[in-house]
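# Chain and residue survey
Listed below are the residues making up each chain.
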Amino acid sequence: MSTLTRNMSFGQRFLANEWSALAVAIVIGLVALAALSPAFLTEFNLYVMLRSFCVVLIVAFAQMLTLAVGQMNLSVGALGGLVAIAVGGMMEKWGFPVPVAVLCGLAIGAAGGLLNGLLTVRTGINGFIITLATASAFTGINLGITESIPFYNLPAGFVAFGTGRISALPYLLLPPVLIAIALAFFLARTVPGRQLLAVGGNPQAAELSGIPRDRVIVMAHTLSGLLAAAAAILAVAQLGSAQPTIGVDWLLMSFAAPIIGGAALTGGHISVAATALAVVLIVIIQNGMVLAKVDPYWVQFLLGALILAAVGLNRLRAVRAGGA
């Protein structure tokens, strides 16, 4: 800890964190909703919010890793949908044990991400275009296999995991918490994690330092696909069926949380904690609008407004930093 940090008060150290504004907004939201709606702090409502939090958080992490290297993954939802029906089909049609089906699903997600990464670095085409194309391909495979018919007959233990809880804490909360801890350690304490941020921050300088830029970009896409698969498997357990439409509404959410959490669109700066807090804020807003019986379509409007505000704020910070 530096001398300057040691001399700062607790309040100054708290406000110095980039996630402090999000934490304050969450506290204000919690207090306001608790005061306005008696149903907000009920055990069941907290359980519902935490269930919503689980899948969205992993989807946000999947996009966050590609943003870290200055790329985008538009196929995160389509790949998630493909993994969902693959896992459901393996369990219902082929009778695969749950662990085998889950591992196969994760492998499919990682392979899809690997394909995105290899196409991006080998062709030199922007990842935006590559993942737009593969998203269409993944969706086509999904609908071609299922003909839009879900898989309903999943193992009882798997479905029970998706609905079980201890008080207000759903079992589903365990995987995203472990993933968040692992990601924070990976980015802060491992060489590949630091290389990922270095390539996103300044690709030319990273290459001159001996960091294999193309390999790091492929790694980011592969991890993104792996996390999209993890989110899809949780979504299947949550719904109790493998719906071909899983992932259809993930794209906006996948960008919203990392951007509101301060991720730089040019790469090089992401935050696991700030992204997680942004997901908490989004879930609270969604729940508050449901309790207030506001039309759910306004949630989309509000998310768009929050993304614009976050991008504008990040731009303002960059301009001020450049002028300092």
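Before reading on, note that the structure itself is shown above.
Just so it is clear, the model here is predicted, and its values are computed rather than measured.

Before going further, it helps to spend a moment on the overall build of the protein chain. Within the protein chain, the regular secondary structure consists of 15 helices and two strands. For 324 residues, the compact-globule formula gives about 20 Å, and the C-alpha radius of gyration of the protein chain, at 20 Å, lands near that figure. Taken along the three principal axes of its C-alpha coordinates, the protein chain extends 60 × 55 × 35 Å. Looking at the protein chain as a whole, 46% of its 324 residues qualify as buried. Partitioning the contacts of the protein chain with sequence separation of at least 6, the portion at a separation of at least 24 is 76%. When the accessible area of the protein chain is evaluated, it comes to approximately 15800 Å², of which 69% is carbon and sulfur surface.

Let's shift gears to the nonpolar core. Of all hydrophobic cores here, the largest spans 91 residues; its most connected members are Phe-61, Leu-183, Leu-187, Leu-196, Leu-227, Trp-250 and Val-279. Not counting the four nearest positions on each side in its chain, Leu-183 is found in contact with Phe-61, Met-64, Leu-65, Leu-227 and Val-272.

Bringing the packing of helix α4 (residues 43-68) against helix α9 (residues 174-189) into the picture now. Angle between the axes and distance between the axes are the two parameters that describe a pair of packed helices. Put simply, α4 and α9 touch, their axes get as near as 10 Å, and they point 25° apart. Taken together, the axis directions place α4 and α9 in an arrangement best described as roughly parallel. For α4 against α9, the interelement crossing comes out left-handed. When α4 is examined against α9, the residues Cys-54, Leu-57, Ile-58, Phe-61, Met-64 and Leu-65 are found in contact with a partner set consisting of Pro-176, Ile-179, Ala-180, Leu-183 and Leu-187.

What follows deals with unusual backbone geometry. Among all residues except glycine, the phi angle is most often negative; among peptide bonds, the trans geometry is most common. If you check the backbone angles, Ser-167 has positive phi at about 55° while not being a glycine. By the secondary structure assignment, Ser-167 is in the loop between β1 (165-166) and β2 (169-170). Residue class for Ser-167 comes out partly exposed when judged on its relative accessible area of 46%.

This part covers helix α14 (residues 272-291). In an α-helix, one turn spans 3.6 residues, which is why side chains three or four residues apart end up on the same side. Taking 1.5 Å of rise per residue, the 20 residues of α14 would be expected to cover 28 Å, and the 29 Å separating its terminal C-alpha atoms lies within 8% of that figure. N-capping of α14 is provided by Ser-271, with a side-chain oxygen placed 3.0 Å from the backbone N of Ala-274. Of the residues flanking the end of α14, it is Lys-293, one or two places downstream, whose phi is positive at about 60°.

Thresholds, definitions, all that
Residues numbered from 1 in each chain as written. Predicted model: local features only at pLDDT ≥ 70, side-chain atom pairs only at ≥ 80, totals over all residues. Heavy atoms only, no water. Helix = DSSP H or I, 4+ residues; strand = E, 2+ residues; numbered from the N terminus. Rg over C-alpha atoms; globule rule 2.2 N^0.38 Å. Buried < 20%, exposed > 50% of the residue type's maximum accessible area, 1.4 Å probe, protein only. Contact = heavy atoms within 4.5 Å. Areas by Shrake-Rupley, 256 points an atom, 1.4 Å probe, with all protein chains shown as cover. Core = buried A, V, L, I, M, F, W, Y, C linked by side-chain atoms within 4.5 Å. Axes fitted to C-alpha atoms, helices over the stretch in contact; angles between N-to-C directions. Parallel < 35°, antiparallel > 145°, perpendicular 65-115°, else oblique. Left-handed = near helix turned anticlockwise from the far one by under 90°. Expected span 1.5 Å × (residues − 1). Polar contact = N/O pair within 3.5 Å; in protein donor to acceptor, adjacent residues only side chain to side chain.

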